[in-house]
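If you want the building blocks of each chain, they are given just below.
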Amino acid sequence: MSVMLHWGRFVVLSLALPAVHPGPMWALPEPGCWLHPEVEVRRSAIEGDGLVARSPLAAGTAVSRLGGRLVTGDDLLRLLAVSTHYVDSITVARDTHLVLPPGQPNGKGNHSCDPNLWWATPYTLVARRDVAAGEELTNDYATSTDEPSFVMPCRCGTRLCRREVTGADWTRLELQERYGDHWVPALLDRIRQSSR
């Protein structure tokens, strides 16, 4: 059974999916997302719209907390196959993904190969360094996906730009060193297991 939901100009197919629990290291997500009140959506120099700080944000400030529903890898692939809109998701566990509700401003966060946000808790991005007013808020998508089929050209324009972001980037040693423990827990666990 499926239900058609209307969100803005998009029609979203909501599949009847079984409940998924991420395991002991992850709490269940909230149904919705939270965004710092001093963050707004504006046109981006990187791609389309992006998230921008209206005022300075100190390093360590919580900026974005993701919510939504948990699905298996197979369910995510089915959702991607039938969806009429961009499906925003992050890896949660080996076979569990968080799918954000459509239309959330949090989903406007663009990728950068030298981001100013990184993961502090399973669903929360914090400022990696002090952020100036008017600065676009970015995160490295490699820190939240290991989906083998994920490939995206990068136009972040930083000196560290990889030109392409993939679901295998978590295996890159320079990224593991740069981000330390600031990955979604599922990828941090894989990194630790691969370095044994």
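The preceding data block contains the structure.
Residues numbered from 1 in each chain as written. Predicted model: local features only at pLDDT ≥ 70, side-chain atom pairs only at ≥ 80, totals over all residues. Heavy atoms only, no water.

S.K.: For this particular structure, what's the right way to read the overall build of the protein?
M.R.: A count of helical and extended segments in the protein gives three helices and 15 strands. Out of the 196 residues belonging to the protein, those deemed buried represent 47%. Look at the contacts in the protein between residues 6 or more apart in sequence, and 66% of them connect residues 24 or more apart. Summing over all exposed atoms, the protein offers an accessible surface of approximately 10100 Å²; the carbon and sulfur share of this is 55%. (Helix = DSSP H or I, 4+ residues; strand = E, 2+ residues; numbered from the N terminus. Buried < 20%, exposed > 50% of the residue type's maximum accessible area, 1.4 Å probe, protein only. Contact = heavy atoms within 4.5 Å. Areas by Shrake-Rupley, 256 points an atom, 1.4 Å probe, with all protein chains shown as cover.)

S.K.: Please clarify how the sheet that holds strand S9 (residues 96–99) should be interpreted in this entry.
M.R.: The pairing of strands in a sheet comes from backbone hydrogen bonds and takes either a parallel or an antiparallel form. Judged by pairing direction, the sheet is antiparallel, and its three strands sit side by side in the order S7-S9-S8 without closing on themselves. The strands lining the two open edges of the sheet, one partner per strand, are strand S7 (69–72) and strand S8 (89–93). Shown here is a sheet whose adjacent strand axes are inclined to one another by a mean of 35°, direction ignored. Sheet topology places S7 next to S9; four bridges connect them, and they run antiparallel. For Leu70, the partnering residue across the bridge sits in S9 and is Leu98. Together, S7, S8 and S9 form the strand contacts of helix H1 (residues 73–82), whose direction differs from that of S7 by roughly 100°. (Pairing = 2+ DSSP bridges. Axes fitted to C-alpha atoms, helices over the stretch in contact; angles between N-to-C directions.)

S.K.: Hey, could you run me through the pairing of strand S5 (residues 49–53) in this one?
M.R.: On a regular strand, one side chain projects to one face of the sheet and the next to the other, so that they alternate. Among the five residues in S5, four count as buried, and that is most of the element. Inspection of the sheet shows strand S4 (residues 39–43) paired to S5 by five bridges, in the antiparallel sense. Bridge pairing in S5 links Val41 to Leu51. Here S4 folds back onto S5 in antiparallel fashion, the turn holding five residues, of which Gly48 has a positive phi close to 50°. Across two bridges, the pairing between S5 and strand S13 (residues 136–139) is antiparallel. Counterpart to Val52 in the pairing with S13 is Glu136.

S.K.: Even after reading the chapter, I still don't get the nonpolar core, so can you show me in this structure?
M.R.: For soluble globular proteins, the rule of thumb is that nonpolar side chains tend to be buried together. Membership of the largest hydrophobic core comes to 31 residues, with the highest contact counts inside it found for Val39, Leu57, Leu66, Leu98, Leu137 and Trp183. Listed by contribution, the elements that provide at least two residues to this core are S5, S8, strand S11 (117–121), strand S12 (124–127), helix H2 (173–179) and helix H3 (185–194). Among residues more than four places away in sequence, those in contact with Val39 are Leu51, Val52, Arg54, Leu57, Val63 and Leu137. Grouped together as the second largest cluster of nonpolar side chains are six residues, Cys113, Tyr141, Cys161 and Val165 included. (Core = buried A, V, L, I, M, F, W, Y, C linked by side-chain atoms within 4.5 Å.)

S.K.: Help me understand the side chain of Arg162 in this model?
M.R.: Mapped onto the elements of the fold, Arg162 is located in the loop between strand S14 (151–153) and strand S15 (164–166). A polar contact of 3.1 Å, which involves the side chain of Arg162, links it to the side chain of Asp169. Residues within four places of Arg162 in sequence aside, it is in contact with His111, Cys113, Asp140, Ala142, Asp169, Arg172 and Leu175. (Polar contact = N/O pair within 3.5 Å; in protein donor to acceptor, adjacent residues only side chain to side chain.)

So, to be careful, I would describe these as geometric facts and stop short of saying anything about function.
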